[in-house]
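Letter by letter, the chains look like this.
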Protein chains: 2
Amino acid sequence: MRFSASFFDRASQAFHGSSTWSKLLVVVAASSGGGLVAYADAKADLGLVPSQATEKKKVLVVGTGWAGTSFLKTLDASMYNVQVISPRNYFAFTPLLPSVTCGTVEPRSIVEPVRNILRKKGGMIKFWEAECYKIDQVNKKVHCRSDIGTNLDGHGEFTVDYDYLIIAVGAKPNTFNTPGVVENCHFLKEVEDAQRIRRSVMTCFERANLPNISEEERKKNLHFIIIGGGPTGVEFAAELHDFVAEDLSKLYPHIKNLVSISLIEAGDHILTMFDKRITKFAEEKFQRDGIEVKTNFRVVKVSDKAIFMTNPATGEISVPYGMAVWSTGIGTRPVILDFMKQVGQGNRRVLATDEWLRVLGCDDVYALGDCATISQRKVMEDISAIFRLADKDNSGTLTVKEIKDVLADICERYPQVSLYLKSKQMKNFLDLLKDSEGNHVKESKELDIEEFKKALANVDSKVKMLPATAQVAAQQGNYLARCFNKMKICEEHPEGPLRIRGTGRHRFHPFRYKHFGQFAPLGGEQTAAQLPGDWISIGHSTQWLWYSVYASKQVSWRTRFLVVSDWMKRFIFGRDSSCI
Amino acid sequence: MRFSASFFDRASQAFHGSSTWSKLLVVVAASSGGGLVAYADAKADLGLVPSQATEKKKVLVVGTGWAGTSFLKTLDASMYNVQVISPRNYFAFTPLLPSVTCGTVEPRSIVEPVRNILRKKGGMIKFWEAECYKIDQVNKKVHCRSDIGTNLDGHGEFTVDYDYLIIAVGAKPNTFNTPGVVENCHFLKEVEDAQRIRRSVMTCFERANLPNISEEERKKNLHFIIIGGGPTGVEFAAELHDFVAEDLSKLYPHIKNLVSISLIEAGDHILTMFDKRITKFAEEKFQRDGIEVKTNFRVVKVSDKAIFMTNPATGEISVPYGMAVWSTGIGTRPVILDFMKQVGQGNRRVLATDEWLRVLGCDDVYALGDCATISQRKVMEDISAIFRLADKDNSGTLTVKEIKDVLADICERYPQVSLYLKSKQMKNFLDLLKDSEGNHVKESKELDIEEFKKALANVDSKVKMLPATAQVAAQQGNYLARCFNKMKICEEHPEGPLRIRGTGRHRFHPFRYKHFGQFAPLGGEQTAAQLPGDWISIGHSTQWLWYSVYASKQVSWRTRFLVVSDWMKRFIFGRDSSCI
């Protein structure tokens, strides 16, 4: 117990300790005057950097989402020659995208220009608005294409060299190859998607309001279907319901009764990643609100007029719709699939990295956020090596003391060990060594390799995939930047756990995700939250918690001000219903 | 959560006044199943109105710009069965469009949903989002087409009957048939235009910032050309200059010196509709700011890479550009051209109405705003009728008393008479009758028709066309609605001037435009204003006048609040440079 407590202390100190101060510093620096910085920028860009750049390692960041941006915000840009490529010149606060779809928050309020963020780093970072379409890992080059118009006289493509590549391109929506989805459904991944949905909702209302069309046609136009009962789909359904109930019903009084919202989920329940109490509350609230939740329905085809789905009970049915939003999960981007083939990961579903976020089989390339997953090593694969490492006297058996000596390192390298102990409510590692009668082992007991294997046989069941959330991506970006900041120090004084297959220590502590909880806004000023320690909070007070957390997590004071004033505007004036 | 509920009650009570209760009711009803209120509304819509509607005259308003909206705002909707058709379900405060192009003001802050405006009229007005593509004046029908998608199963077209038709469709940009303009230039008439310009400006900067392109190519991308030196073009040039100087130069320090802005004007000067002092000030300020003003240049062709223009001195030259905005004036929409042919105005440039805004030759159709022009009757065309009218005793001569008796009516019917007297600094009509030696005529003098003609010979030179401004359109809409409100009373008690060709009086006073002045924002927090009485005001104080006038002229408290908060945001945080 003492161990695990102190480990977590250290971990969170390492991962999250100083973030507040650096944030404050950045804000203060930003608000203390543009003129000086601008002058310094110009000078730095034209004179200083290129000459120094030859000495500095080139860090190339691809993507400006949560992972890329938090990496850039934390990185000490003076130590590297940093270049950034993204098809969007802004960072978007994606958890508020569902709010943008109905005008609760304006699109511009949740975006921050990347250059604003980079300017706070001293102007030494270069940004190019372009899409990376190929990673050439052999020549350490990235091929890019500008997607802003064709007026470039053949200069639309270019390549960028790197010493370290940070891949943070995110993911694309996953259609599971369902026919017609790309052509007929909206997604909800980008700011533009949210804007399109907003226009589309208004268009459906205006269309249903036209004269000379049948009641059936009106109903069809006002049938909004959301496919996917995850947090995004549920939040969008709730926002849409509020928009209709609070604002549109007043403006379209004669057709408001024709509106229907359906939420289609292939599984048994919506919000399955949340606690069952939240799922139940959400399903009941949606039922009261008149949002139809269709569970166990799998969409097989989407045409321009109807959605075709199957259910064991009903067989295939088709449902006419006015607008459909597809939100069933994420898929891998083509550039990543291509890169995976290059590095021998062609048979995987998503790019795999080690616990230090390095792409497996590719030393200078890091991948973080939704485009990658950490391939946590299994204890049983390394069990012989672990045994050898612990068995300092090469006696062929381990004493309890020998185990204790390397225990901290093992637990750090294989976090599943701690998780397993926790799940079994065991206080320390020795509990694992209980003999078959359940008696505690004596300190003097010595284990051979078979006994050691047996003790650890089940820990790998606790290997967990991290969820594809903003929270994970942001923590990864922050972690990696701090590793880069102390790269030189750690080369000489490695701080990580003992190497299991090799000598010495790893340079850095492995990445460890700290879950701060997750919200599920359910509409009507009610939100459900699952907080650490399985603490569940549902209702109006949670909505206020949601407001304060989302306001505080904004990337700049500007967006914070804008988002809060958008919320206020909505309270005072309602949401806007103009078709723009 | 009792507290938060009562807080919302109070908050919304404070902000909404009486509409609160309906909102609350709707919200409560919606969250409790949506039954009761919906029932009441449906009854109102389906039951009451149609039965009354048969007695009421059908007024159909086409267009929701300045003219249409101010008509609707003033109209007593209980007296008519009012229907509104417009391809846009919102009213846009167009004078702020140049501010939207650079993000000084957000698009949504200058638009107000038409339904919000109509709701305040008691909900008896119907609105359809569709485009009117043909007016059938014989059958009193308007043919409409919904432009919102093709998902309408063949119901995209419909017709609407009318008793009175109010045409307020505005105008379209005038390209003077210059080749390549539609394909390559931006216009600045609609909110969407302003949004596109904004994205385009940012795209030009991102494109110019890409690696591996030549200095020349960067310069080309950063060359912004505005064609047309009228108020819109000048204001956009000023906004763009401020955007670059105040915001973008900080974010793109290494390319800011490559930016150039050119304003091309076919005439000798820019802002020719303003006083010469303003023109001079604007031209000098633009020169100081580095905005190149190219006067006497006529654009003859636009390709995707260059603009071709001619000048007597240089002949034809071509100038490469990154983005071009075409703002040279307005042209007539196809639906109006078609309608003009129907009513025998095929040879005119724009739809002509009489002084009561009725389309000439078409009793029940009114046209106002940019799509129409008032064809002011000439005194000399009616001179015999005027003489006959004034000559009450049929003596063949007019006494001064006889003239005085009808003078007020003549001056009202022919405002050019008053204007002429004013311009000649004459105090009253009798001054016109001075004899050839310049002596005043005696009261006893009698004029025959030839003398009368001679006296009025030059007054028609003062016939003036109204400018195509928001101010004129709004006043016309307001005027016409007030006529409609008193239509019944005025049928019995006509209030207008004496009919010249006919008996009795006209029902209404003719429309009279009152000019409240015009602003020309020139950037750098400086504005020029030409106020009534040829009062000129230029500088920072005028900018504040501009702020207060434009804030006060907003169509609703909502947009007023939004516009003012946008200005504040700009002061605090600058303009946003995200490519969305």
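Keep in mind that this is a model prediction, so the values were computed, not measured.

Some thoughts on the pattern of salt bridges
For side chains of opposite charge, pairing can occur when their charged atoms come near one another.
Consideration 1: For the structure shown, the criterion picks out 64 salt bridges over all chains.
Consideration 2: In this structure, Glu284 of chain A engages Lys280 of chain A in a salt bridge whose closest nitrogen and oxygen atoms are separated by 3.3 Å. With a gap of 4 residues between them, Glu284 of chain A and Lys280 of chain A both fall in helix α11 (residues 276–289), about one helical turn apart.
Consideration 3: In this structure, Glu495 of chain B engages Lys486 of chain B in a salt bridge whose closest nitrogen and oxygen atoms are separated by 2.9 Å.
Consideration 4: By relative accessible area, which is 27% here, Glu495 of chain B ends up partly exposed.
Consideration 5: Overall, the relative accessible area of 24% leaves Lys486 of chain B in the partly exposed class.

A word on the confidence of the model for chain A
Residue and element names in this part refer to chain A.
Consideration 1: For chain A, mean pLDDT is 85; residues scoring 70 or higher make up 87% of the total.
Consideration 2: Across residues 1–53, confidence stays below pLDDT 50; counting only partners more than four residues off in sequence or on other chains, it has 46 contacts.
Consideration 3: Interface confidence for the predicted complex, given as ipTM, is 0.84, next to a pTM of 0.86.

Remarks on the sheet that holds strand β20 (residues 365–367) of chain B
All names here are of chain B.
Consideration 1: Overall, parallel pairing links the 5 strands, which are arranged β5-β2-β1-β9-β20 in an open sheet. Lying at the two open borders of the sheet, with one neighbouring strand each, are β5 (126–129) and β20. Ignoring which end each strand starts from, the neighbouring axes of this sheet average 15° apart.
Consideration 2: Bridge analysis of strand β1 (residues 57–62) against strand β2 (residues 80–86) gives 6 bridges, and the strand direction is parallel. Looking across to β2, one finds that Val62 is bridged to Ile85.
Consideration 3: Packing of helix α17 (residues 470–485) onto the sheet brings it into contact with β1, β2, β9 (164–167) and β20, and relative to β9 it is tilted by some 170°.

Considerations on helix α20 (residues 557–573) of chain A
Every α-helix carries 3.6 residues per turn, so stepping three or four residues along brings you back to the same face.
Consideration 1: Over its 17 residues, α20 of chain A extends 24 Å from the first C-alpha to the last, a length consistent with the 24 Å expected when each residue adds 1.5 Å.
Consideration 2: If you check which residues of α20 of chain A are buried, you get Arg558, Thr559, Arg560, Leu562, Val563, Ser565, Asp566, Trp567, Lys569, Arg570 and Ile572 of chain A.

Here we look at the sheet that holds strand β13 (residues 291–295) of chain A
All names here are of chain A.
Consideration 1: The parallel open sheet is built from 4 strands, whose spatial order is β13-β12-β11-β17. Of all the strands in the sheet, the pair left with one neighbour each is β13 and β17 (323–326). Sheet twist, expressed as the mean angle between neighbouring strand axes with direction ignored, is 15°.
Consideration 2: In this sheet, strand β12 (residues 260–265) lies alongside strand β11 (residues 223–227) in parallel orientation, the contact comprising 5 bridges. Looking at β12, one finds that Ile226 is bridged to Leu263.
Consideration 3: Where helix α8 (residues 191–208) meets the sheet, its contacts fall on β11 and β17, and the angle it forms with β17 comes to roughly 155°.

Conventions and cut-offs
Residues numbered from 1 in each chain as written. Chains lettered and ligands numbered in written order. Predicted model: local features only at pLDDT ≥ 70, side-chain atom pairs only at ≥ 80, totals over all residues. Heavy atoms only, no water. Salt bridge = Lys/Arg side-chain N within 4 Å of Asp/Glu carboxyl O. Helix = DSSP H or I, 4+ residues; strand = E, 2+ residues; numbered from the N terminus. Buried < 20%, exposed > 50% of the residue type's maximum accessible area, 1.4 Å probe, protein only. pLDDT = per-residue confidence, 0-100. Contact = heavy atoms within 4.5 Å. Pairing = 2+ DSSP bridges. Axes fitted to C-alpha atoms, helices over the stretch in contact; angles between N-to-C directions. Expected span 1.5 Å × (residues − 1).

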